[in-house]
Amino acid sequence: MSHLEFPLTETTRSQSDVDRAAVLAKPGFGEHFTDFMTHAQWTADDGWTSGEVVPFGPLTLSPAAAVFHYAQEIFEGLKAFRHADGSVWTFRPEKNAERMQRSARRLALPELPTEDFLASLKAQVSADEPWVPAAGGEDSLYIRPFMFASEAFLGVRAAQQVDYYVITSPAGAYFPRGVQPLVVWVSDNYARAGAGGTGDAKCGGNYASSLLGKKEAAEHGADEVLFLDSETHTTIDELSGMNVMAITNDGRILTPELTGSILEGVTRDSILQLARDRGLEPAEQKMSMDWVTDRITSGEIVEMFACGTAAVINPIGEFRSPKGSWTVGDGGSGEITLSLREELTGIQTGTVEDRHGWLHRLA
Ligand code: COI
């Protein structure tokens, strides 16, 4: 069992306090990066070695690195939040560690032990602690661990050399319009994942395959795309990078069951627990889009939302497809959706009791 350490060898920051303050005043999502990055390497001969925290900057890779050719790559997404006392916490990171191990198995990459994953987050966020936004709002430091095949080899087989990095990026709202009801396009031309494929792994390829659907959505004036199952093109899977949920007028919260082509979201799991706690009945089930739109029309489904680490919980106001359009509820932000959002972000930012023990201190 490896026990990686991640020493910080160079402590000079590349960005000034003034520049950092300007970024933190308006972080956006995924646009700005911090001063450091955390790294470890794995080789088939030696396993995981050489943990380090180094200045954020370009990587030097062979153009023959397998990741460029065969997309042997996985990633994770978490957030660090500052609490009122200045301490910094993340949310259920063991779940991300375990999911990264599952993704690694599916992509024939080496598994990073949970302990090393947690140590890498702590090293990265400690080094970049000044980049964690102030307490009192919802802004966070988004943490992006990722792992890829760096071996220079063009034969198709699992790479013998792999690099793991953690980078961080201050984050405000994921959607450019902020937390506003989304218009969602239902893709009938493209699927995100198929049976036996990599849909439940967090690998770059799943997101690459969502991009054309997302482009098509934008052409129809939509913010997001909803993918249907690849076999029958009827049942709902997930959005381009988020799970989807519905609330009914008789107190149920519905979400597609985990079929192997849907990502097992940490936010998805947490919302199902918070819903259960407040007496909503969670139902993970197969749902055809026709079944959903019939219930939107009849008024049985009263609210819908997208959920994920980056997006948190974002209301869905309308679906569009080649068959028509459907307004969910009154098209606004549903009351239960916003209240779940408030509870979840409250737990994360330390203003609501963490009754499930989900928080993990990083700094
Ligand atoms: C996340 O929610 O953390 C993701 O990885 C989704 C990505 C589209 C930002």
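What counts and how
- Residues numbered from 1 in each chain as written.
- Predicted model: local features only at pLDDT ≥ 70, side-chain atom pairs only at ≥ 80, totals over all residues.
- Heavy atoms only, no water.
- Helix = DSSP H or I, 4+ residues; strand = E, 2+ residues; numbered from the N terminus.
- Buried < 20%, exposed > 50% of the residue type's maximum accessible area, 1.4 Å probe, protein only.
- Core = buried A, V, L, I, M, F, W, Y, C linked by side-chain atoms within 4.5 Å.
- Contact = heavy atoms within 4.5 Å.
- Phe/Tyr/Trp six-rings, centres within 6.5 Å; stacked < 30°, edge-to-face > 60°.
- Lys NZ or Arg CZ within 6 Å of the ring centre and 35° of its normal.
- Pairing = 2+ DSSP bridges.
- Right-handed = clockwise from strand over helix to strand, strands pointing away.
- Axes fitted to C-alpha atoms, helices over the stretch in contact; angles between N-to-C directions.
- Parallel < 35°, antiparallel > 145°, perpendicular 65-115°, else oblique.
- Left-handed = near helix turned anticlockwise from the far one by under 90°.
- Nonpolar A, V, L, I, M, F, W, Y, C, P; charged D, E, K, R; others polar.

Draft legend 1. Spotlight on unusual backbone geometry. We note that R92 has phi near 50°; this positive angle belongs to a residue other than glycine. Residue placement: R92 occurs in the loop between β5 (88-91) and α3 (93-106). You can call R92 buried: its relative accessible area is 11%.

Draft legend 2. Quick look at the nonpolar core. Counting residues in hydrophobic clusters, the biggest one holds 38 residues, and the most contacted among them are W48, I74, F117, I143, M147 and Y164. Sorting the residues of this core by element identifies β1 (36-43), β2 (47-55), β4 (78-82), α3, α4 (114-127), β6 (140-149) and β7 (161-171) as the ones contributing at least two each. Tallying contributions element by element places α4 first for this core, with 6 residues. Among all residues touching F117, those that are not within four sequence positions of it are E76, L78, P93, N96, A97, M100, L112, P145 and Y164. Ranked by size, the runner-up nonpolar core spans 25 residues in total, among them L226, A283, I296 and I316.

Draft legend 3. Quick look at the packing of aromatic side chains. Counted under the stated rule, the structure contains 10 aromatic pairs. Taken together, F29, Y142, Y174 and F175 form an aromatic cluster joined through their ring pairs. Above the face of the W131 ring, R20 is positioned so that its terminal group lies 5.9 Å from the ring centre.

Draft legend 4. Structural detail: the pairing of strand β12 (residues 252-256). Buried residues dominate β12, accounting for 5 of its 5 residues. The side-chain alternation of β12 yields two buried faces, one formed by R252, L254 and P256 and the other by I253 and T255. Bridge analysis of strand β11 (residues 243-248) against β12 gives 2 bridges, and the strand direction is antiparallel. Bridging across to β12, A246 finds its partner in L254. What sits between the antiparallel neighbours β11 and β12 is a turn of 3 residues, in which G251 has the positive phi angle 80°. Looking at chain direction, β12 and strand β13 (residues 281-285) are connected through 5 bridges and run parallel. Bridge pairing in β13 places I253 opposite P282. Read from β12 through helix α7 (residues 266-277) to β13, the crossover connection turns out right-handed.

Draft legend 5. Structural view of the packing of α7 against helix α9 (residues 335-349). One way to put it is that α7 packs onto α9 with a least axis distance of 11 Å and a crossing angle of 110°. By the angle between their axes, α7 is roughly perpendicular relative to α9. The element α7 and its partner α9 pack so that their crossing is right-handed. Here α7 contributes T267, S270, I271, L274 and A275 to the contact with α9, which in turn contributes L340, E343, L344 and I347. The class makeup of the residues in the contact of α7 with α9 is 6 nonpolar, 2 polar and 1 charged.

Shape is all these values report; function is a separate question.
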